Amino acid sequence: EDQVTQSPEALRLQEGESSSLNCSYTVSGLRGLFWYRQDPGKGPEFLFTLYSAGEEKEKERLKATLTKKESFLHITAPKPEDSATYLCAVQKRQGGSEKLVFGKGTKLTVNP
Amino acid sequence: NAGVMQNPRHLVRRRGQEARLRCSPMKGHSHVYWYRQLPEEGLKFMVYLQKENIIDESGMPKERFSAEFPKEGPSILRIQQVVRGDSAAYFCASSQGGAQPQHFGDGTRLSIL
């Protein structure tokens, strides 16, 4: 069964304190791995797609990387506005199925 | 989350009533997905539709739940004879298909009295 595990469940950082979020996955035939950000009361907001091991994507203070078993979301010098829940999801290469399998997320709090 | 429009944002129903949730995809997107998010749990896939076709309904409960995406108009997720356990946030997403990113609406929060 496809599984996505995110760690830690919650993370508190001081403004400017860099860190990384982890997403471990088991899926037979990865089509893509997706990172989203979700604010309270809102829907997930798309951040990155990674398709193959070794790939990296960057956007402002965020950088996502991918290996064959896990992905990391690196946050450099975070600001309070980076506080949110970060979700990881995988899509399996399986016929016409396009469903995403999500982890439970990492709740990030950045204190000023 | 501009683009994918869901309504209503909040819906209150009594046990046994019907709930209808609507979703208009982003312009240019023909693939629609419904997910459910229960408190303290992750997003769970329910169903994937294209215009007038259900492509994958592997996450849909076998009874009381149905979905459609007609040729004209929004996609509808319908829950008949609601029970307390149906209380959740229901999110719709749309994409151009394949491994293209799915973009989400802000959800409908369903509460069952």
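Refer to the structure above for everything that follows.
Keep in mind the model is a prediction, meaning the values are calculated, not measured.

(A) Just the overall build of chain B, in detail. Helix and strand counts for chain B stand at zero helices and eleven strands. Going from the N terminus to the C terminus, chain B shows its helices and strands as β-β-β-β-β-β-β-β-β-β-β. Against the 2.2 N^0.38 benchmark of 13 Å for 113 residues, chain B shows a C-alpha radius of gyration of 13 Å, consistent with a compact globule. Considered along the principal axes of its C-alpha atoms, chain B spans approximately 40 × 25 × 25 Å. Counting the 113 residues in chain B, one finds 45% classified as buried.

(B) How the structure looks around the state of the cysteines. Inspection of every chain in the model, using the stated rule, returns two disulfides over all chains. Each disulfide pairs two cysteine sulfurs, and for Cys-23 of chain A the partner residue is Cys-88 of chain A, the sulfurs being separated by 1.9 Å. A torsion of -60 degrees about the S-S bond marks the disulfide between Cys-23 of chain A and Cys-88 of chain A as left-handed. Here Cys-88 of chain A lies in strand β9 (residues 84–92) and Cys-23 of chain A lies in strand β3 (residues 19–26), a separation of 65 residues in the sequence. Summarising the burial analysis for this pair, Cys-23 of chain A and Cys-88 of chain A share the class buried. Paired by a disulfide, Cys-23 of chain B and Cys-92 of chain B hold their sulfur atoms 1.8 Å apart.

(C) How the structure looks around the pairing of strand β4 (residues 31–37) of chain B. All names here are of chain B. Across the seven residues of β4, seven count as buried, placing the element largely inside the fold. Side chains of β4 alternate between two faces, with His-31, Tyr-33, Tyr-35 and Gln-37 and Val-32, Trp-34 and Arg-36 buried alike. If you look at the hairpin formed by β4 and strand β5 (residues 43–50), you'll find five residues sitting between the two strands, and Glu-40 has a positive phi there, around 65 degrees. Looking at chain direction, β4 and strand β9 (residues 88–95) are connected through seven bridges and run antiparallel. Across the sheet, Trp-34 pairs through a bridge with Cys-92, a residue of β9.

(D) How the structure looks around the pattern of salt bridges. Per the stated rule, a full pass over the model turns up nine salt bridges over all chains. A salt bridge links Arg-61 of chain A to Asp-82 of chain A, with the nearest nitrogen and oxygen atoms 2.8 Å apart. Linking Arg-61 of chain A in the loop between β6 (56–59) and β7 (62–66) with Asp-82 of chain A in the loop between β8 (70–75) and β9, this pair joins segments that are 21 residues apart in sequence. Close ionic contact of Glu-18 of chain B with Arg-78 of chain B constitutes a salt bridge, the shortest N to O distance being 2.9 Å. In this pair, Glu-18 of chain B is assigned in the loop between β2 (10–13) and β3 (19–24) and Arg-78 of chain B in strand β8 (residues 75–79), connecting sequence segments 60 residues apart. On the basis of relative accessibility, which here comes to 30%, the residue Glu-18 of chain B falls in the partly exposed class. Owing to a relative accessible area of 28%, Arg-78 of chain B belongs among the partly exposed residues under this scheme. If you follow the salt bridges from partner to partner, you end up with Glu-18, Arg-20 and Arg-78 of chain B in one network.

(E) How the structure looks around the interface of chain A and chain B. Taken together, the contact between chain A and chain B spans 22 residues of the former and 27 residues of the latter. Considering only the side of chain A, the residues that lose the most area to chain B are Glu-98, Lys-99 and Phe-102 of chain A, jointly responsible for 29% of the buried surface there. At the junction of chain A and chain B, the tally comes to one salt bridge. Lys-42 of chain A is the salt-bridge partner of Asp-106 of chain B, the closest N and O atoms lying 3.9 Å from each other. Linking chain A with chain B are 13 residue pairs in polar contact (both at pLDDT 80 or more). Here the element with the most residues in the side of chain A that touches chain B is strand β4 (residues 30–38) of chain A; it accounts for four residues.

(F) Molecular detail of the nonpolar core. Residues and elements named next belong to chain A. Ranked by internal contacts, the top residues of the largest apolar core, which has 24 residues, are Tyr-25, Leu-33, Trp-35, Leu-73 and Tyr-86. Elements with a contribution of two residues or more to this core: β2 (10–14), β3, β4, β5 (45–50), β7, β8, β9 and β11 (106–111). Top contributing element to this core by residue count: β9, with four residues.

(G) Here's a closer look at the sheet that holds strand β1 (residues 3–7) of chain A. Residue and element names in this part refer to chain A. If you trace the five strands from one edge of the open sheet to the other, you get β1-β3-β8-β7-β6, paired in antiparallel fashion. The two strands at the open ends of the sheet, each matched to only one other strand, are β1 and β6. When the angles between neighbouring strand axes are averaged without regard to direction, this sheet yields 15 degrees. Judged from the four bridges that link them, β6 and β7 form a sheet pairing that is antiparallel.

Conventions and cut-offs
Residues numbered from 1 in each chain as written. Chains lettered and ligands numbered in written order. Predicted model: local features only at pLDDT ≥ 70, side-chain atom pairs only at ≥ 80, totals over all residues. Heavy atoms only, no water. Helix = DSSP H or I, 4+ residues; strand = E, 2+ residues; numbered from the N terminus. Rg over C-alpha atoms; globule rule 2.2 N^0.38 Å. Buried < 20%, exposed > 50% of the residue type's maximum accessible area, 1.4 Å probe, protein only. Disulfide = S-S within 2.5 Å. Pairing = 2+ DSSP bridges. Salt bridge = Lys/Arg side-chain N within 4 Å of Asp/Glu carboxyl O. Contact = heavy atoms within 4.5 Å. Buried area = accessible area lost by both parts, 1.4 Å probe. Polar contact = N/O pair within 3.5 Å; in protein donor to acceptor, adjacent residues only side chain to side chain. Core = buried A, V, L, I, M, F, W, Y, C linked by side-chain atoms within 4.5 Å. Axes fitted to C-alpha atoms, helices over the stretch in contact; angles between N-to-C directions.

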